[in-house]
Amino acid sequence: MAFARTCSVALVGVDGVIVEVQADLEPGVAAFTLVGLPDKALSEARDRVRAAIVNSGEAWPQRKLTVGLSPASVPKSGSGFDLAVACAVLAAAERLDPSAIADLLLIGELGLDGRVRPVRGVLPSVLAAADAGYQRVVVAEQTAAEAELVPGVSVIGVRSLRQLIAVLTGAPEPEEPPERIVGRPDPLMAGLMLPSAGVRGLPDEAASRMDLADVAGQYEARRALEIAAAGGHHIYLKGPPGAGKTMLAERLPALLPRLTQKEALEVTAVHSVAGLLPAGRPLIDHAPYCSPHHSTTMPAIVGGGSGLPRPGAVSLAHRGVLFLDEAPEFPVRVLDALRQPLEAGEVVIARSAGSLRLPARFLLCLAANPCPCGRHSRRGEGCECTPAMVSRYQNRLSGPLLDRVDLQVQVAPVTRAELMQRDTSAETTAIVAARVLAARERAAARLAGTPWRTNAEVPGHELRTRWQLASGALNDAARQLERGLLTARGLDRVLRVAWTVADLAGRDRPEQRDIRTALVLRTGVEQGLPLTEQFFRSPNLAADRPDRADDRAENRTGDRSGDGSDEQSEERADAPAGRRPTRPRSARRPPGPTPTEKPEESGT
């Protein structure tokens, strides 16, 4: 019987579908027919396979040949089926034993000279094979290390079709030294890796030199960055140009803990499908960092493309950081498309060729200027924008999008003293990352036995019912909710941030001060607790550095000098929580009609 079958894998997004490759030889005019919904690249496999078999020293069968890819209803794309098609044809022609390849899964592209070239998506393909029960997989030698990441699977890495035939028949393997010349790129890797698209999945030399201690000042923003990393909370940095927003965002991935084995396989699978997996480094165990330009299109952010969609920036930043610098410059449709993945941790893309589900559990970091010129402030000094321009610019970030951002931090301009003087006491990335890791371990112990790993993933209903807060801790948040200053989603996110603050402080449950801290970080309105370095640090550290806290308090007083006297600033600082301080007499409105009132006419 001139029939043989073997298996390969078709990728639908980052999920693999086992495909049975069948070859049938019948008497008749020599022809080669390929069926089973192949795309253009797969249809051209007929010419590649024929040339590879002939150039490997084997005879091409001069009969009617039909190769079927089953299930026929699943669209198949790419050149990764070449190796399976060639082996099925040789087994149908009785050059190979059909039983030797029946339980074998083959992934690889064939060159015209018979060399086996690597393809993208090897890791998710082997994961699908392992789930289906396959124990032996054949891939190109260059991607063997990537395939070996999957436990329980025996990987055979081959350089050519001739070598694979020798392995399957038990013949001596031909000596085929690698053709890569030292000092030159590997020609077999050409086309396997695509441009990085702003993705940094592994710690490179430039990223390793970035340290949080390099940021001048910005103690409130640095603390917010620590909370975001500890709980996986989204963060929005708003401030003038040159304040350090981009520097802070670039140092955020280094604060995140190393990926677990399961997370690393998820991230590596996405990058393998996208063609962003570096050669020689098959596993991504660091949090990826993706920073697309503001001119990026919707398919590049969410995912898409012709035919079956490809992973976008939200999936490439899975388990890492997605940084949108100059966020108001992005198209409004692109920004609003982030709402669904921010809530669900995945993105569902539907196209005419099919739909797929891609992982998108990322930490979103937004950065924006306050206005088009970047100099808008409460004092309005130096800003050339009209109120309508400022409002239009700020409204490009919609309310529903910002409602999903846990931390909204105002980044103040760096003072001359902070910029010129070297702060030797500034904490390094390693110190802050150690606290983040300890907080995550505390949260993981509390969430053990649940499907959630970080505080940002826990649903609000579970936070309100399963884990109790300290008595009276929600009073301030409840008042904000009653006044309409907080939405129901906003209240849940305040609770998540409060749990993270408590984890960083080593407390078993949030107290009222933790809720107030979360409210300040979300609304920017002080709840009786100023956002200073002294407040965020532990009491011991604050006591060791009273001069730093005094300097920050003096800077804030100086910044408000345009709104009132020093006496007014001191009165506001001393006002109790929840009470609006009274204005000094010198600042009160003098008696008499206001500019909009008309004096009463006497004698009428």
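Residues numbered from 1 in each chain as written. Predicted model: local features only at pLDDT ≥ 70, side-chain atom pairs only at ≥ 80, totals over all residues. Heavy atoms only, no water.

Side note on the environment of Ser 77
Phase 1: Relative to the elements of secondary structure, Ser 77 occurs in the loop between strand S4 (64-70) and helix H3 (82-92).
Phase 2: Owing to a relative accessible area of 38%, Ser 77 belongs among the partly exposed residues under this scheme.
Phase 3: Through-space distance from the C-alpha of Ser 77 to that of Pro 38 is 6.0 Å; in sequence the pair is 39 residues apart. (Helix = DSSP H or I, 4+ residues; strand = E, 2+ residues; numbered from the N terminus. Buried < 20%, exposed > 50% of the residue type's maximum accessible area, 1.4 Å probe, protein only.)

A word on the packing of helix H21 (residues 475-482) against helix H23 (residues 512-523)
Phase 1: It is the contact of H21 with H23, at a shortest axis distance of 8 Å, that shows an interaxial angle of 40°. Looking at the two axes, H21 sits oblique to H23. For the pair formed by H21 and H23, the contact residues are Asp 476, Ala 477 and Gln 480 on the first element and Gln 512, Ile 515, Arg 516 and Leu 519 on the second. (Axes fitted to C-alpha atoms, helices over the stretch in contact; angles between N-to-C directions. Parallel < 35°, antiparallel > 145°, perpendicular 65-115°, else oblique. Contact = heavy atoms within 4.5 Å.)

Comments concerning helix H11 (residues 261-274)
Phase 1: Compared with the 20 Å implied by 1.5 Å per residue over 14 residues, the 20 Å span of H11 between its first and last C-alpha is a close match.
Phase 2: Counting buried residues along H11, eleven of its 14 residues qualify, which places the element largely inside the surrounding structure.
Phase 3: Three or more residues of H11 are buried, namely Glu 263, Ala 264, Leu 265, Val 267, Thr 268, Ala 269, Val 270, His 271, Ser 272, Val 273 and Ala 274.
Phase 4: Following H11 by one or two positions, Gly 275 has its phi on the positive side, about 75°. (Expected span 1.5 Å × (residues − 1).)

A word on the pattern of salt bridges
Phase 1: A full pass over the atoms with the stated rule returns 33 salt bridges.
Phase 2: A salt bridge links Arg 516 to Asp 476; the nearest nitrogen and oxygen atoms lie 2.7 Å apart. Taken together, the residues Arg 516 in helix H23 and Asp 476 in helix H21 connect sequence positions 40 residues apart. The same class applies to Arg 516 and to Asp 476, which are both buried.
Phase 3: In the salt-bridge network here, residues are joined through shared partners; they are Glu 343, Asp 403, Arg 404, Asp 406, Arg 489, Arg 493 and Arg 522. (Salt bridge = Lys/Arg side-chain N within 4 Å of Asp/Glu carboxyl O.)

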